[in-house]
Amino acid sequence: MDKDNILEVKDLRVNIHMMEGELTAVRGVNFEIKKGETLGLVGESGCGKSLTCKAILAINDKKCEASGSIKFNSDESGEVEILSLDPKGEEIRNIRGKQISMIFQEPMVAFSPMYTIGNQINECTRLHITKDKKKSKEISMAVMKKVGIANVEKRYNQYPHEFSGGMLQRALIAMALVCNPKMLIADEPTTALDVTIQAQILELMKSLQKDFNTAILFITHDLGVVAKMCDRVAVMYLGKIIESADTETIYANPQHPYTKGLIGSVHKIGGSRDERLFSIEGTVPLAMNLPIQCGFYDRCTVAIDGLCNKAEPELVEIEPGHKIACFACDHEKCKAECERARKEIAEREERERKAAEEAAKAEAENAGKKKKLFGKGARA
């Protein structure tokens, strides 16, 4: 593991066992996050962003089976393989909340309505910092002030229903940052907020990141937020990362048709009022019993028949730090990936042809044996 990286995810797969079959929600995700860096994970709803992040904290449902590698650079234990830890064990509990925190998608349901906000923030401080009730309260109130909650003495003893949406989001950020974590996972933290409050929350997160040198994994499908918050971007589709690069490159020179579609669907300053926004036809398919093909094939306008519908492209680095998984890209490395895929398709079709011939031969032999057997029976 690189010493500059706080987290390295390699070939992460999350399968969900259902009555109808096995859902392959995350299909070989690879990325890394450096210390103090913000990585944006972008994609449509249902592409596996939240499951990927929950796998990092080992808090996915029991039906979810995670495999691959998630390495975390821990303060106390050095390099830790998270997937090898007991999800309820002491070691992962020492990482979860203390060294890696998460801001959940919906603050209204993230807090328990039965306990005060102060009580719930205190749970983190008393578990990871101090058992002393007075010191714990002081630490919690100091963080609440830092995230911009006014009249902390009164708010500390109030319940979640007494907070507005924006104030609840601030309280959730306070609970995530109270232990000064090395890494923060923000799962669409501004989705339920209006634009003004959203801007305040983003500014707050950026200032707190500078104060604590926290790495952030920022999950969203708002490309405007990505441009403001993130150093690098990873675009995710159907459980796989299909393009990743620094933010400036993604916006200035997107290569994957899906990335181009996402950027084309956003209003541009100075654009014509009569200009129609680009729309990506169709929806993300269900990740169950998927055929061997590019996941974006059915919605792609530049798909290559005989290639995109018969093989799945691998992520290749076309420029330093810029990776893409697409057969339709004109870059030399993508063309080399096309040749590799064509050879793989030819070999697979040859194997399938031979298997079909052998099956037909075996079936003919069985039919001949049955004919002889029944013929002998009739003469007898």
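Residues numbered from 1 in each chain as written. Predicted model: local features only at pLDDT ≥ 70, side-chain atom pairs only at ≥ 80, totals over all residues. Heavy atoms only, no water.

A few points about the overall build of the protein chain
Next up, step 1: Each helix and strand counted, the protein chain has 12 helices and 12 strands in total.
Next up, step 2: In terms of overall dimensions, the protein chain has a C-alpha envelope of 100 × 60 × 40 Å along the principal axes.
Next up, step 3: Of all intrachain contacts in the protein chain linking residues separated by at least 6 positions in sequence, the fraction that spans at least 24 positions is 63%.
Next up, step 4: Counting only carbon and sulfur atoms, one obtains 51% of the accessible surface of the protein chain, whose full area is about 20,500 Å².
Next up, step 5: One finds the centroid of the 55 positive side-chain charges in the protein chain at a distance of 4 Å from the centroid of its 56 negative side-chain charges. (Helix = DSSP H or I, 4+ residues; strand = E, 2+ residues; numbered from the N terminus. Contact = heavy atoms within 4.5 Å. Areas by Shrake-Rupley, 256 points an atom, 1.4 Å probe, with all protein chains shown as cover. Lys, Arg positive; Asp, Glu negative; His and termini not counted. Charge placed at Lys NZ, Arg CZ, Asp CG, Glu CD.)

Some details on the packing of helix 4 (residues 117-128) against helix 5 (residues 133-146)
Next up, step 1: Where helix 4 contacts helix 5, the axes come no closer than 9 Å and their chain directions differ by 115 degrees. Relative to helix 5, the element helix 4 is oriented roughly perpendicular. The hand of the helix 4/helix 5 crossing is right-handed. Side by side, helix 4 and helix 5 meet where Ile117, Ile121, Asn122, Thr125 and Arg126 of the first sit next to Lys133, Ser136, Lys137, Ile139, Ser140 and Met144 of the second.
Next up, step 2: The class makeup of the residues in the contact of helix 4 with helix 5 is four nonpolar, four polar and three charged. (Axes fitted to C-alpha atoms, helices over the stretch in contact; angles between N-to-C directions. Parallel < 35°, antiparallel > 145°, perpendicular 65-115°, else oblique. Left-handed = near helix turned anticlockwise from the far one by under 90°. Nonpolar A, V, L, I, M, F, W, Y, C, P; charged D, E, K, R; others polar.)

Here we look at helix 8 (residues 195-212)
Next up, step 1: With 18 residues, helix 8 should cover 26 Å at 1.5 Å per step; its first-to-last C-alpha distance of 26 Å lies within 8% of that length.
Next up, step 2: Taken together, the buried positions of helix 8 are occupied by Gln198, Ile201, Leu202, Leu204, Met205, Leu208 and Gln209. An end-on view of helix 8 places all buried positions within 160 degrees of arc, on one side of the element. What points out from helix 8, more than 90 degrees from its buried face, is the exposed set Thr196 and Lys210.
Next up, step 3: Two residues or fewer after helix 8 comes Asn213, characterised by a positive phi angle close to 55 degrees. (Expected span 1.5 Å × (residues − 1). Buried < 20%, exposed > 50% of the residue type's maximum accessible area, 1.4 Å probe, protein only. Arc of directions from axis to C-beta.)

So, helix 1 (residues 49-57)
Next up, step 1: Every buried residue belonging to helix 1 is among Lys49, Thr52, Cys53, Ala55, Ile56 and Leu57, and all of these are buried.
Next up, step 2: Looking one or two places after helix 1, you find Ala58, whose phi comes out positive at around 55 degrees.

So, the nonpolar core
Next up, step 1: Of all hydrophobic cores here, the largest spans 102 residues; its most connected members are Leu7, Phe31, Ile185, Met205 and Leu217.
Next up, step 2: Ranked by residue count, the leading element in this core is helix 7 (residues 165-177), at nine residues.
Next up, step 3: For Leu217, the contacting residues outside a window of four places in its chain are Phe31, Ile33, Leu39, Leu41, Cys53, Ile56, Met183, Leu184, Ile185 and Ala186.
Next up, step 4: Val316, Ile318, Cys329 and Cys334 belong to the second-largest nonpolar core, a separate cluster that totals six residues. (Core = buried A, V, L, I, M, F, W, Y, C linked by side-chain atoms within 4.5 Å.)

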